[in-house]
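# Structural overview for review
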Amino acid sequence: MLSIKNLHARVEDKEILKGLNLEVKAGEVHAIMGPNGAGKSSLASVLAGRENYEVTEGSVTLDGKDILEMAPEERAREGVFLAFQYPIEIPGVSNINFLKTALNEIRTHRGLDPMTAKEFLQKSKEKQALVEFDAKLVNRSLNEGFSGGEKKRNEIFQLAMLEPKLAILDETDSGLDIDALRIVSRGVNKLRSENNAFILITHYQRLLDYIVPDYVHVLSDGKIVKTGGKELALELEEKGYDWLK
Amino acid sequence: MENNTDTEFLESLADKEYEHGFVTNIEMDILPPGLNEDTIRFISAKKNEPQWMLEWRLKAYNAFLKMELPTWQNFKMPEMNFQGISYYAAPKNTPKYNSLDEVDPELLATFEKLGIPLNERKKLLGVKDDVADVITDEDGNVSERPLVAIDAVFDSVSVATTYKEELKKHGIIFCSISEAIQDHPELVKEYIGSVVPQTDNIFAALNSAVFSDGSFVYIPKGVRCPMELSTYFRINAENTGQFERTLIIADEGAYVSYLEGCTAPQRDEHQLHAAIVEIVAHKDAEVKYSTVQNWYPGDKDGLGGVYNFVTKRGICKGANSIISWTQVETGSAITWKYPSVILQGDNSYGEFYSVAVAKGKQIADTGTKMIHIGKNTRSRIISKGISAGNGQNSYRGLVSIGAKADNARNFTQCDSMLIGDRCGAHTFPYIDAKNPTATLEHEATTSKIGEDQIFYLNARGIDTEKAVEMIVNGFAKEVLNKLPMEFAVEAQKLLAVSLEGSVG
Ligand SMILES: Nc1ncnc2c1ncn2[C@@H]1O[C@H](COP(=O)(O)OP(=O)(O)OP(=O)(O)O)[C@@H](O)[C@H]1O
Ligand SMILES: [Mg+2]
């Protein structure tokens, strides 16, 4: 599904990604771990198309299509979803109207009719239940005044609504309390299917107890320096990252 | 951190064509440019006015001659050639049609094209097959379009007023001010100039001398007006000024919601619009006045556009009365207006909710004055300024608390949003408190539409144009929510259209 080859990217003349390779197939879950400042969020930003990152070398394809050529909204419509490490507040824009707009943009791109208000509200109710998202937050302004954890859970609610092919979760677990972590994980597990794939960026092996990954990668200094199975996360928890340098 | 591509991106101003810039070709009676006593006599005679009205106009004209242009505003006052303006332009064969069938079809078509329904028959017959009678809000809720009575003013004259008969049943008077001078002289005489004195400022003096038409509303004691009242102003003729005058009187316990809209064709020279609105709210009365101002703003280099110098003021005369101003200002090359409330009655309440857009070379200098005189008077000011391109947006407000205004309260909030790096937002809040029991609160914020916000929406499949539209409408929501529902939807669209091309 996703194929990243020799990816180099810079921001403000500083090279952050330095020849990164990653293959993700449909149905898989990949965890990416690594020290602070290694470039994990940068990778997520480059995949989602944040403008201030300049790709200097390499390629990224999603189901064979070159996504680096696409504007961020086109990537989203093609099925890339980034759950932000720091979700943005947009005052006065209601969460639900925002989602309706987003969903209909994506549907239009796929040649589907926009959803009627009724269909949409039905879907929203189902997904709220699926990821146990508080109905009160659905009608508030987008992330405005949400607690850190509520913001993270809203990302997962959006994920459930938009049903992307490839979901990248950038530290969605940070800031969640123990119950919320369990709820969010359960939600993600329910959303997993043969047709989609997840990249989980995390610092904590605990998340991987709930969402069991097929692969664990260590990203350090702009490259994947080690890949293993779930047990790699346990080993990292014990030994830290120094031994990999 | 400032990102270069994004700044350029935010600054690139591709100007969206002004939608209402077309010209109607219709035979007109136009007075040649120029201003002297004869001009005023001509207008007054054309309208068959009584002597007292002519004298009132001439008095204003004499005051006007001695007055100077104001200098305190936050922009360089353009040169005003008062002799270069035509002070009267009216479609031939007016005034006043007895039925809409007599109205020039070209005129009806003009208002049709502007989306102003002058055809009331359908509604009165209860025919509801027209799709336009049903409106859908952004959540998809469908409701019936509320009834709106409209007074349509084309250049200098009112060409049609709808639902007059229906309103008459409730004792409501809704007509052009010219008709009111003929048919209800005692009311006009009593109230005209009682809120905005002739000598208030030079534009008010000019208007008082040459006003051509406008709307008149009287709601009798205890009557709740059963529909929205609305005036729609259209400048069409070249080199003309529009000087309309609106007078709204709500007697004890009355209620009315009133909306004003306006457009003008696209022309290379500036046109002056110097209007006056006066509102009187007696004891327990409430008047809601909403404006959606979309005069031609000029092109992106500042060529053409309407100079909008307007004096709007209401007086809460009786106890417990309420006056509420809501304005969405997207048009005009220059907007200079400060809808104000004189809170004279005890426990009276004044409100000012405003969204002003300044893009391209537009200048908006707008705000309000809340004059607290009575006891326990309260006021609330919510101002949202949006600046893009080279636009300059100033909020100017005065909260004045008189010596006898015990326990007066004001809350003021001024939020500014900047789109790009070349525009500006300024606030000038003045306070003049002569009573120590007053409670005054002021909050102000300035924000930039952040690339973070845009990217977040992009990352959900929403393009930049739409993202800006959403962010701006979110920013202005508190004000838009104040508008009557169907106009809120219109105003949202208008905001989006007026900022189209401001980003990306
Ligand atoms: N706009 C920018 N300008 C300069 N440096 C930047 C910019 N954005 C990111 N960086 C730098 O790029 C490096 C990688 O940052 P990134 O956010 O990708 O790290 P991370 O692996 O996600 O770290 P963490 O685990 O702390 O979230 C950091 O050194 C960061 O300071
Ligand atoms: Mg990070």
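We now turn to the structure provided with this report. (Residues numbered from 1 in each chain as written. Chains lettered and ligands numbered in written order. Predicted model: local features only at pLDDT ≥ 70, side-chain atom pairs only at ≥ 80, totals over all residues. Heavy atoms only, no water.)

## Brief notes about the overall build of chain B
Scanning chain B for helices and strands turns up 13 helices and 25 strands. Out of the 504 residues belonging to chain B, those deemed buried represent 61%. For chain B, the exposed area adds up to about 19200 Å²; of that, 49% sits on carbon and sulfur atoms. (Helix = DSSP H or I, 4+ residues; strand = E, 2+ residues; numbered from the N terminus. Buried < 20%, exposed > 50% of the residue type's maximum accessible area, 1.4 Å probe, protein only. Areas by Shrake-Rupley, 256 points an atom, 1.4 Å probe, with all protein chains shown as cover.)

## Thoughts on the packing of aromatic side chains
In this description, an aromatic ring pair is defined by two values, namely the gap between the centres and the angle between the planes. Scanning all chains against the criterion turns up 18 aromatic pairs over all chains. Three or more aromatic residues joined by ring pairs form one cluster here, namely Trp72, Phe75, Phe203, Tyr307, Phe309, Trp336 and Tyr338 of chain B. The positively charged end of Lys239 of chain A is found above the aromatic ring belonging to Trp243 of chain A, 4.4 Å away from the centroid. Note that Arg245 of chain B overlies the ring of Phe211 of chain B, its terminal NZ or CZ placed 5.6 Å from the centroid. (Phe/Tyr/Trp six-rings, centres within 6.5 Å; stacked < 30°, edge-to-face > 60°. Lys NZ or Arg CZ within 6 Å of the ring centre and 35° of its normal.)

## Structural notes on the coordination of the magnesium ion (ligand 2)
All names here are of chain A. Only Ser41 (OG) and Gln85 (OE1) from the protein reach the magnesium ion (ligand 2) as donors, at distances of 2.0 to 2.3 Å. With Ser41 in helix H1 (residues 40-48) and Gln85 in the loop between strand S6 (80-83) and helix H3 (95-109), this pair connects stretches of sequence that are 44 residues apart. With relative accessibility at 25%, the residue Ser41 sits in the partly exposed group. (Donors = N, O, S within 2.8 Å, 3.2 Å for Na, K, Ca; no water.)

## Brief notes about the interface of chain A and chain B
Facing 36 residues of chain A, the contacting portion of chain B comprises 27 residues. Inspection of the region where chain A meets chain B yields 3 salt bridges. The partner of Glu105 of chain A in a salt bridge is Lys466 of chain B, and the shortest N-O contact between them spans 2.9 Å. Remark: the boundary between chain A and chain B carries 11 residue pairs in polar contact (both at pLDDT 80 or more). Only helix H2 (72-78), S6, H3 and helix H6 (148-162) of chain A provide two or more residues apiece to the side of chain A that touches chain B. (Contact = heavy atoms within 4.5 Å. Salt bridge = Lys/Arg side-chain N within 4 Å of Asp/Glu carboxyl O. Polar contact = N/O pair within 3.5 Å; in protein donor to acceptor, adjacent residues only side chain to side chain.)

## Focus: helix H7 (residues 178-191) of chain A
Residue and element names in this part refer to chain A. For H7, spanning 14 residues, the distance from its first C-alpha to its last is 20 Å, which sits close to the expected 20 Å at 1.5 Å a residue. Among the residues making up H7, those that are buried are Ala180, Leu181, Ile183, Val184, Ser185, Gly187, Val188 and Leu191. Where H7 is buried, its residues contact helix H4 (117-130), H6, strand S7 (166-170), strand S8 (197-201) and helix H8 (205-210). With a side-chain oxygen positioned 3.0 Å from the backbone nitrogen of Asp179, the residue opening H7 is Asp177. (Expected span 1.5 Å × (residues − 1).)

## Comments concerning the pattern of salt bridges
The full count for this structure, using the stated rule, is 31 salt bridges over all chains. One salt bridge connects Lys127 of chain A with Glu163 of chain A, and the closest N-O pair in it is separated by 3.3 Å. With a gap of 36 residues between them, Lys127 of chain A in helix H4 and Glu163 of chain A in the loop between H6 and S7 connect regions that are remote in the sequence. A relative accessible area of 42% places Glu163 of chain A in the partly exposed class. With a closest N to O distance of 2.8 Å, Arg313 of chain B and Asp200 of chain B form a salt bridge.

## A short note on the site of ligand 1
Around ligand 1 there are 17 residues in total, and Ile16, Lys40, Ser41, Ser42 and His203 of chain A lie nearest to it. Each of chains A and B places residues near ligand 1. The separation between an oxygen atom of ligand 1 and a polar main-chain atom of Gly39 of chain A is 2.9 Å. His203 of chain A places a polar side-chain atom, nitrogen or oxygen, 2.8 Å from an oxygen atom of ligand 1. Summarising the interface, the protein chains cover 69% of the accessible area of ligand 1, which totals 640 Å² for the free molecule. Listing elements by their share of the shell around ligand 1, those giving two or more residues are strand S2 (14-24) and H1 of chain A. With 3 residues, H1 of chain A is the largest single contributor of residues to the shell around ligand 1. (Near = heavy atom within 4 Å.)

## Quick word on empty space enclosed by the protein
Residue and element names in this part refer to chain B. Applying the stated criterion to the full structure yields 8 cavities of 30 Å³ or more. By volume, the largest cavity is sized at about 90 Å³. Residue lining of the largest cavity: 15 residues in total, with Ser383, Gly385, Asn393, Ser394 and Tyr395 positioned closest to the centre. Listing elements by their share of the lining of the largest cavity, those giving two or more residues are strand S19 (349-358), strand S21 (378-388), strand S22 (392-401), strand S23 (409-419) and strand S24 (424-433). Among the residues forming the lining of the largest cavity, the class breakdown is 4 nonpolar, 9 polar and 2 charged. Around the second largest cavity, the lining residues are Tyr395, Gly397, Leu398, Val399, Asn410, Thr412, Pro429, Tyr430, Ile431, Leu440, Glu441 and His442. (1 Å grid on protein atoms, 1.4 Å probe; cavity = no way out; pocket = protein on both sides within 12 Å on 5 of 7 lines; lining within 4 Å. Points joined across faces, edges and corners; volume = space filled by probe spheres on them. Nonpolar A, V, L, I, M, F, W, Y, C, P; charged D, E, K, R; others polar.)

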